[in-house]
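Secondary and tertiary structure notes
Residue-level listing of the chains:
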Amino acid sequence: MSVQVFNMATIPEEQIKTESEAVVPSPNSDLLKERHQLKRTWTLWYLNDKKNLDWLQRLHEVCSVDTIEDFWMLMKNVRPPSRLNNTCDYNVFRDHIRPVWEVPDNKSGGRWLINIDRSKHPEVIDIIWMEILIAMIGEQFGEDSEQICGIVCNIRNKGSKISIWTRDCNDEEANKRIGQVIKEKLMNADIPEYINGPLFDTMRYEDHDDVQQKSSSQIKSKLIISSTVNN
């Protein structure tokens, strides 16, 4: 696999951190000298808040990374989810999978959905996002890593969402195991003392087909995992 060189020029201007926040390594920096290859290529996609455009016109492929160093450089130079405008999305998907339902890798899949209440501290969404991202690129889902397509973060005024997309909504055992790993990572995350309680209350697994065809806000969940019980 060829090395993907991190390129700040590919990032939409409204998404980049300010000059004082950004991390730009010097030519002699260790970040530019050594590369630790990831098993897969991961691509960050960004959906802007220009509601006058069609959804696909708002979606931009930002940057692909296939080394640990380039991943961290990307994360250090884009705004965290909590600082995105309302109606913006982040998507990180593997192996150049487009973050849309219709593509073959996603068509028969579903998602683990985490709703983040507005009453939660803004940093909660950033911690959840980063914990799951690290688990994904670090192949911490074991044999089920092949089942994971990517992660989506939707920023909304009424309450934001993070969802982990899987390839096969009918592979219940694999989806259960993926959900349990997500729970373990979030329950054991290092969180500041000022954040009271767990990072999430309940995770629900939904079919993409059900989400697309929903006629109300209620969607039947195939699986449910709570932070307050063991199973």
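The rules behind these values
Residues numbered from 1 in each chain as written. Predicted model: local features only at pLDDT ≥ 70, side-chain atom pairs only at ≥ 80, totals over all residues. Heavy atoms only, no water. UniProt positions renumbered as here; feature names shortened; annotations may be inferred. Buried < 20%, exposed > 50% of the residue type's maximum accessible area, 1.4 Å probe, protein only. Helix = DSSP H or I, 4+ residues; strand = E, 2+ residues; numbered from the N terminus. Pairing = 2+ DSSP bridges. Patch = residues over 30% accessible without salt bridge, like charges linked within 9 Å, V, L, I, M, F, W, Y side chains within 5 Å. Areas by Shrake-Rupley, 256 points an atom, 1.4 Å probe, with all protein chains shown as cover. Salt bridge = Lys/Arg side-chain N within 4 Å of Asp/Glu carboxyl O. Core = buried A, V, L, I, M, F, W, Y, C linked by side-chain atoms within 4.5 Å. Contact = heavy atoms within 4.5 Å. Expected span 1.5 Å × (residues − 1).

Per an unreviewed UniProt entry, the protein chain goes by the name eIF-4F 25 kDa subunit and belongs to Steinernema glaseri. Regarding the protein chain, the UniProt comment filed under Sequence similarities (unreviewed entry) reads as follows: "Belongs to the eukaryotic initiation factor 4E family."

Moving on to the pairing of strand β2 (residues 59-67). The element β2 is largely enclosed, with a buried count of seven among its nine residues. Alignment of strand β1 (residues 37-47) against β2, held across seven bridges, turns out to be antiparallel. Looking at the pairing, T43 lines up with S64 of β2.

Okay, a nonpolar patch on the surface next. A cluster of nonpolar side chains, I68, W72 and I134, forms an exposed patch at the surface whose accessible area comes to about 220 Å². Residue position: I68 is located in helix α3 (residues 68-77).

Let us look at the nonpolar core. Within the largest apolar cluster, 48 residues are counted, with the highest numbers of intra-cluster contacts made by W112, I114, I128, I132, I151, I162 and I182. The residues touching I151, leaving out its near neighbours within four places in the chain, are Y90, N91, V92, F93, W129, I132, L133, M136, I162, S163 and I164. Listed in part, the 10 residues of the second largest apolar core include L47, L59, V100 and W165.

Once that is clear, we can look at unusual backbone geometry. Although it is not a glycine, D95 adopts a positive phi angle of roughly 50°. Mapped onto the fold, D95 is located in the loop between β3 (89-94) and α4 (104-107). With a relative accessible area of 36%, D95 lands in the partly exposed category. Residues other than glycine seldom take positive phi values, yet E139 does so here, at roughly 55°. Relative to the assigned elements, E139 resides in the loop between α5 (123-137) and β5 (148-154).

Take helix α6 (residues 172-187) next. Here α6 is 16 residues long and its end C-alpha atoms lie 22 Å apart, about the 22 Å a rise of 1.5 Å per residue gives. Considered for burial, the residues of α6 that qualify are A174, N175, I178, G179, V181, I182, K183 and L186. On its buried side, α6 packs onto β4 (110-116), α5, β5, β6 (160-166), β7 (202-207) and β8 (223-226).

So, about the environment of E206. With respect to the helices, strands and loops of the structure, E206 is situated in strand β7. Assessed through its relative accessible area of 6%, E206 is described here as buried. With 97 residues separating them in the primary sequence, E206 and G109 have C-alpha atoms 8.9 Å apart. For E206, the residues in contact, after removing those within four places along its chain, are G110, R111, L113, V211 and I219.

Our next topic: the pairing of β3. In terms of residue burial, β3 counts as a mostly covered element, since six of its six residues are buried. Side chains D89, N91 and F93 of β3 all project onto a buried face; the interleaved residues Y90, V92 and R94 project onto the opposite face, where all are buried too. As judged from the six bridges shared by β1 and β3, these two strands associate in the antiparallel manner. The partner of Y46 across the bridge, within β3, is Y90. Where β3 meets β5, five bridges bridge the pair, whose relative direction is antiparallel. Within β5, the position partnered with N91 by the bridge is V152.

Attention now goes to α3. Every α-helix winds through 3.6 residues per turn, so residues three or four apart in the chain are directed the same way. Across the 10 residues that make up α3, a large majority, seven, are buried. By the burial criterion, the buried members of α3 are E69, D70, F71, M73, L74, M75 and N77.

Turning our eyes to something else, we now look at the pattern of salt bridges. A complete count under the given rule lists 12 salt bridges for this structure. The residue R40 makes a salt bridge to E139 at a minimum N-O spacing of 2.9 Å. Taken together, the positions of R40 in strand β1 and E139 in the loop between α5 and β5 put the pair 99 residues apart, joining distant regions of the chain. Judged by relative accessible area, R40 falls into the buried class, the value being 5%. Its salt-bridge partner being K222, residue D207 comes within 3.8 Å of it at the nearest N-O pair. Of this pair, D207 sits in strand β7 while K222 sits in the loop between α7 (208-212) and β8, and the two are 15 residues apart along the sequence. Among the residues examined, D207 registers a relative accessible area of 12% and is labelled buried.

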